[in-house]
Amino acid sequence: MNKKILLTGADGQLGQSILRESSKFPSFTFIPTDQHNLDITNPQEVNSELDKIKPDYIINTAAYTNVDSAESDYDTALAINSTAVHNLAVECKKRGIFLVHFSTDYVFSGEKKEPYNTHDKCAPLNVYGKTKWLGEQAINTIAPQGKIIRTSWLFSIFNRNFVKTIIEKASAHKEIRVISDQLGQPTSAHDLAYFTLFSILQSKNDKMDTIHFSNQGACSWYELAKEIVEEYYRLNLLDYMPRVMSTSTNELTQKATRPAMSVLSTKKTEDVYNIVIRDWRSSLSDVLITLSFSRMK
Ligand SMILES: NC(=O)c1ccc[n+]([C@@H]2O[C@H](COP(=O)([O-])OP(=O)(O)OC[C@H]3O[C@@H](n4cnc5c(N)ncnc54)[C@H](OP(=O)(O)O)[C@@H]3O)[C@@H](O)[C@H]2O)c1
């Protein structure tokens with residue numbers, strides 16, 4: 001019999017990417033939900049949905065993800081990223097449901113000079129990172145079966161994200177300014193979605209564990225923006241090649257402080273699952289090509 005996956009936050013970037021990959025995993029039945037029909041901060045709603053569906057797995061992509069807004073909206077961010085996650089973990093433990101949850105490179109302070117390992121000390125710099133870190137701790141304390149997958153700098157064909165913002169800016173302006181002193185790993189939500197479902201297929205009775213999934217290769221937002229613009233121009237989707245100018249964090253007024261270096265080591269993930277994660281440039285190219293097709297329609 002097919003295994004049932006309850007997906008939360010299904011209208012989000014990763015949620016939609018998981019649904020897009022779902023046809024490659026015919027042994028799973030997906031029950032997509034988002035906050036209009038399953039608000040994860042409402043324990044009664046969660047319990048009655050779990051009673052009704054009796055899922056084998058929960059994939060929790062629901063989250064408060066606006067890093068700057070979170071600075072002045074601590075209570076909401078905490079409710080979604082931590083309290084609700086605590087409740088999901090309790091119910092998963094009680095009901096024997098396998099929980100897959102996502103966290104972020106922003107749990108780290110960015111002081112390290114090398115890629116962060118899963119066991120490195122977490123010391124988030126902003127409210128978003130703190131509430132996500134509290135969510136991780138809640139899961140680890142309750143310890144249902146499952147995985148916490150930390151990822152970074154997601155992009156995809158869905159919703160608003162950095163790649164789509166740069167395309168918009170490049171289409172409207174001849175010059176754009178982008179931060180060059182924050183280093184991380186752009187990650188395709190499509191690659192992460194495929195890996196997530198693949199990893200569930202491999203799972204047996206896994207004890208809760210934290211792993212990292214990001215595309216290979218580190219870069220700055222500036223380098224990422226340059227690659228987006230150049231590739232988009234190569235695809236003949238821009239009439240001119242906009243100039244991408246480098247700027248520094250100090251020159252911008254971002255509400256939330258971000259780590260200067262939040263590259264995640266994915267060695268453990270690649271070893272455990274016997275996979276090679278591809279470079280972000282290759283994944284970016286796929287996303288830009290797909291976006292260019294939708295522009296032609
Ligand atoms: N995006 C990134 O760059 C990034 C980087 C590192 C880690 N992550 C993590 O990856 C995961 C997926 O991120 P994403 O980019 O897909 O985020 P996203 O696009 O913002 O999607 C999150 C979804 O959760 C929904 N949601 C918010 N509150 C909810 C609630 N109370 N109940 C149910 N659903 C609710 C949102 O609905 P509304 O839109 O209506 O609020 C949205 O559809 C998150 O755990 C995030 O922390 C993301």
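Residues numbered from 1 in each chain as written. Predicted model: local features only at pLDDT ≥ 70, side-chain atom pairs only at ≥ 80, totals over all residues. Heavy atoms only, no water.

Colleague: Looking at this model, I keep getting lost on the site of the ligand. Mind explaining?
Modeller: Contacts to the ligand come from 25 residues, most closely from L14, D39, T65, Y128 and K132. Taking D34, its side chain carries an N or O atom lying 2.9 Å from an oxygen atom of the ligand. The contact in question runs from a nitrogen atom of the ligand to an N or O atom on the backbone of I40, over 3.0 Å. Those elements that provide at least two residues to the shell around the ligand are α1 (13-21), β4 (98-104) and α4 (127-142). Per-element tally for the shell around the ligand: the top contributor is β4, with three residues. Among the residues forming the shell around the ligand, the class breakdown is 10 nonpolar, 11 polar and four charged. (Near = heavy atom within 4 Å. Polar contact = N/O pair within 3.5 Å; in protein donor to acceptor, adjacent residues only side chain to side chain. Helix = DSSP H or I, 4+ residues; strand = E, 2+ residues; numbered from the N terminus. Nonpolar A, V, L, I, M, F, W, Y, C, P; charged D, E, K, R; others polar.)

Colleague: Sorry, what's going on with α1 here?
Modeller: Residue pairs spaced three or four apart in an α-helix point in one direction, given the helix's 3.6 residues per turn. Along α1, the residues classified as buried are Q13, L14, G15, S17, I18 and E21. Looking at the packing, one finds that the buried side of α1 touches β1 (3-8), β2 (28-32), β3 (57-60), β4, β6 (154-155) and α6 (189-202). (Buried < 20%, exposed > 50% of the residue type's maximum accessible area, 1.4 Å probe, protein only. Contact = heavy atoms within 4.5 Å.)

Colleague: Before we go on, may I ask you to explain the nonpolar core in this structure?
Modeller: Nonpolar side chains in soluble globular proteins tend to be buried together. Core analysis: the biggest nonpolar cluster contains 37 residues, and L224, I228 and L284 have the highest contact counts within it. Looking at this core element by element, the count peaks at six residues for helix α7 (residues 221-234). In this structure I228 touches F162, V163, I166, I167, L284 and L288, once residues within four positions along its chain are discounted. Listed in part, the 25 residues of the second largest apolar core include I59, F102, I211 and Y273. (Core = buried A, V, L, I, M, F, W, Y, C linked by side-chain atoms within 4.5 Å.)

Colleague: What should I look at first to understand the packing of aromatic side chains in this one?
Modeller: In this description, a pair of aromatic rings is defined by centroid distance and the angle of the planes. What the rule picks out here adds up to 12 aromatic pairs. For the ring pair F25 and F28, a centre distance of 6.3 Å and an interplane angle of 20° mean the geometry is stacked. Looking at F28, the relative accessible area reads 7%, which means it is buried. A centroid spacing of 5.8 Å and a plane angle of 75° characterise the contact between F28 and Y57, whose relative ring orientation is edge-to-face. One end of the pair, F28, is in strand β2; the other, Y57, is in strand β3, with 29 residues separating them in the sequence. According to the relative accessible area criterion, Y57 is buried, its value standing at 10%. Lying over the aromatic face of Y240, K174 brings its terminal NZ or CZ to 4.8 Å of the ring centre. (Phe/Tyr/Trp six-rings, centres within 6.5 Å; stacked < 30°, edge-to-face > 60°. Lys NZ or Arg CZ within 6 Å of the ring centre and 35° of its normal.)

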